[in-house]
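Read off the chains here:
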Amino acid sequence: MLSWEAMAAIGEIAGAGGVLITLGFLVSQLRQNTKALKAENFQNAAVMIHHPTTLMIQNAEVADIHARGNENFESLDRVDQDRYHYLMIQRVHAIELLDYYDGLESRLNHWPLRGA
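Please read these numbers as outputs of a predicted model, since none were measured by experiment. (Residues numbered from 1 in each chain as written. Predicted model: local features only at pLDDT ≥ 70, side-chain atom pairs only at ≥ 80, totals over all residues. Heavy atoms only, no water.)

## A look at the pattern of salt bridges
In step 1: Within the structure shown, the criterion is met by four salt bridges.
In step 2: Across the salt bridge formed by Arg83 and Glu61, the nearest N and O atoms sit 2.9 Å from each other. Here Arg83 is found in helix H3 (residues 78–109), whereas its partner Glu61 is found in helix H2 (residues 60–71), with 22 residues between them in sequence.
In step 3: Between Arg68 and Asp80 there is a salt bridge, and its shortest N-O distance comes to 3.0 Å. Residue Arg68 is located in helix H2, and its partner Asp80 is located in helix H3; the two are separated by twelve residues in the primary sequence.
In step 4: Among the residues examined, Arg68 registers a relative accessible area of 29% and is labelled partly exposed.
In step 5: Several salt bridges share partner residues, and in doing so they unite Asp64, Arg68 and Asp80 into one network. (Salt bridge = Lys/Arg side-chain N within 4 Å of Asp/Glu carboxyl O. Helix = DSSP H or I, 4+ residues; strand = E, 2+ residues; numbered from the N terminus. Buried < 20%, exposed > 50% of the residue type's maximum accessible area, 1.4 Å probe, protein only.)

Have a look at this one:
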C-alpha cells in the first residue's frame, strides 16, 4: 500500500502533467487565433486599397476628380481638392496598413516563442 506522501507525489506529478497539456493547448489556440487575425487584417487592408478604385468605377465624377487631380491638383476647385485629398488619404492609409501588417509579420516571425 502506498503512503500518503507517495500518493501526494503522484498527484503532484499528474497535476503538473495537466498543466503542461493545458499550456500546450493554449499555445495551439493562440497560434490559430493569430493566423486568423492576420488574415482578417490583411483582407481588411486589401478592401481599403480597392475602395477608392471601386468609388471611381461606380462614380464618373469621382473618377474625373481623380484624373484631374493627378494631372494638376491646383486646377481643382476647393471642394474637389478636398475630395481628391480624402480619396488619396484612403489609399495611403490602406498602403500604410499593409506595410504595418507586413512588418508585424516580420516581427512575429522573430518572436522568441515562435518555434515553441
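## Points about a nonpolar patch on the surface
In step 1: Taken together, the side chains of Val19, Leu20, Leu23, Phe25 and Leu26 make up a nonpolar region of the molecular surface, amounting to roughly 510 Å² of accessible area.
In step 2: Take Phe25: it is sitting in helix H1 (residues 4–58). (Patch = residues over 30% accessible without salt bridge, like charges linked within 9 Å, V, L, I, M, F, W, Y side chains within 5 Å. Areas by Shrake-Rupley, 256 points an atom, 1.4 Å probe, with all protein chains shown as cover.)

## A few points about the packing of H1 against H2
In step 1: Direction vectors running N to C along H1 and H2 enclose 115°, while the axes themselves pass 5 Å from each other. For the pair formed by H1 and H2, the contact residues are Leu55, Met56 and Gln58 on the first element and Ala60, Val62, Ala63 and His66 on the second.
In step 2: Considering only residue class, the contact of H1 with H2 consists of five nonpolar, two polar and no charged. (Axes fitted to C-alpha atoms, helices over the stretch in contact; angles between N-to-C directions. Contact = heavy atoms within 4.5 Å. Nonpolar A, V, L, I, M, F, W, Y, C, P; charged D, E, K, R; others polar.)

## Quick word on the side chain of Asp80
In step 1: Asp80 sits in the buried class, given a relative accessible area of 10%.
In step 2: Sequence-distant contacts of Asp80, defined by excluding residues within four places in its chain, comprise Ile65 and Arg68.

## Thoughts on the packing of aromatic side chains
In step 1: For the coordinates displayed, the defined rule picks out one aromatic pair.
In step 2: When the centroid spacing of 5.7 Å and the interplanar angle of 50° are considered together, the rings of Phe73 and Tyr84 count as tilted. Of this pair, Phe73 sits in the loop between H2 and H3 while Tyr84 sits in helix H3, and the two are eleven residues apart along the sequence.
In step 3: By relative accessible area, Phe73 is classed as partly exposed at 32%.
In step 4: For Tyr84, a relative accessible area of 11% puts it in the buried group. (Phe/Tyr/Trp six-rings, centres within 6.5 Å; stacked < 30°, edge-to-face > 60°.)

## Regarding H1
In step 1: Its 55 residues give H1 an end-to-end C-alpha distance of 78 Å, which sits within 8% of 81 Å, the value for a rise of 1.5 Å per residue.
In step 2: Of all bends in H1, the biggest is about 35°, found at His51, and the proline Pro52 comes one to four residues later.
In step 3: Three or more residues of H1 are buried, namely Ala45, Pro52 and Met56. (Expected span 1.5 Å × (residues − 1). Bend = angle between axes of the 7 residues up to and from the residue.)

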